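As a plain string of letters, each chain reads:
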Amino acid sequence: QVHLVESGGRSVQAGGSLTLSCAASGRTSSDLAMGWFRQAPGKEREFVAAGLRHDDLIHYADSVRGRFTISRGNEETVYLRMNGLIPEDTAVYYCTADIPLSAVVVGRGDYWGQGTQVTVSS
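Predicted model only: the values in this text are computed from it and were never measured.

Student: Help me out: how do you make sense of the packing of aromatic side chains in this one?
Tutor: What characterises a pair of aromatic rings is the spacing of the ring centres plus the angle enclosed by the ring planes. Under the defined criterion, the tally for this structure stands at two aromatic pairs. Taking the centre distance of 5.5 Å and the plane angle of 75 degrees together, the rings of Phe 37 and Phe 47 count as edge-to-face. Of this pair, Phe 37 sits in strand 4 (residues 33–39) while Phe 47 sits in strand 5 (residues 46–51), and the two are 10 residues apart along the sequence. Given a relative accessible area of 17%, Phe 47 falls into the buried group. Between the aromatic rings of Phe 37 and Trp 112, the centroid separation amounts to 5.3 Å while the plane-to-plane angle is 65 degrees, which identifies the pairing as edge-to-face. Taken together, the residues span a long stretch of sequence, with Phe 37 in strand 4 and Trp 112 in strand 10 (residues 111–112) at a distance of 75 residues. Taken together, the aromatic side chains of Phe 37, Phe 47 and Trp 112 make up a single cluster linked through ring pairs. Here the basic side chain of Arg 45 rests over the ring of Tyr 94, its NZ or CZ set 3.9 Å away from the ring centre. Lying across the ring of Trp 112, Arg 45 places its NZ or CZ 4.7 Å from the centre.

If you want it as structure tokens, here you go:
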């Protein structure tokens, strides 16, 4: 089992920046893929970004590419740096993890955090 806890969500004005963090505990490993999804009110959960710690294979949703950056602190942490925030980025952001990366990217990872709210005001 892997336990995930997100932090860093808050309210911010459009154009601002924010960094989300996710800490994993339990049966982590260097092969653990970690990523982020988000869910806006009335919408389905959507992929944001995901990657592995030990290589440069990183995936981004088109809607965030160039504005968001995912990075790994170590095998147990993942960050999401969000720049140029727009109101459409308002959502609950969820951290997810599993092996392999392909499962995480399509939202089929077994492990999910409880979510952290990001609100972007215009």
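Back to the write-up after that little detour.
Student: Would you mind going over the pattern of salt bridges with me for this structure?
Tutor: Scanning all chains against the criterion turns up four salt bridges. Here Arg 38 ties to Glu 46 by a salt bridge, and the two come within 2.6 Å at their closest N and O atoms. The shortest N-O distance in the salt bridge between Arg 38 and Asp 89 comes to 2.9 Å. Taken together, the positions of Arg 38 in strand 4 and Asp 89 in the loop between strand 8 (77–82) and strand 9 (91–98) put the pair 51 residues apart, joining distant regions of the chain. Exposure class is identical for Arg 38 and Asp 89. Each is buried.

Calculation rules
- Residues numbered from 1 in each chain as written.
- Predicted model: local features only at pLDDT ≥ 70, side-chain atom pairs only at ≥ 80, totals over all residues.
- Heavy atoms only, no water.
- Phe/Tyr/Trp six-rings, centres within 6.5 Å; stacked < 30°, edge-to-face > 60°.
- Helix = DSSP H or I, 4+ residues; strand = E, 2+ residues; numbered from the N terminus.
- Buried < 20%, exposed > 50% of the residue type's maximum accessible area, 1.4 Å probe, protein only.
- Lys NZ or Arg CZ within 6 Å of the ring centre and 35° of its normal.
- Salt bridge = Lys/Arg side-chain N within 4 Å of Asp/Glu carboxyl O.

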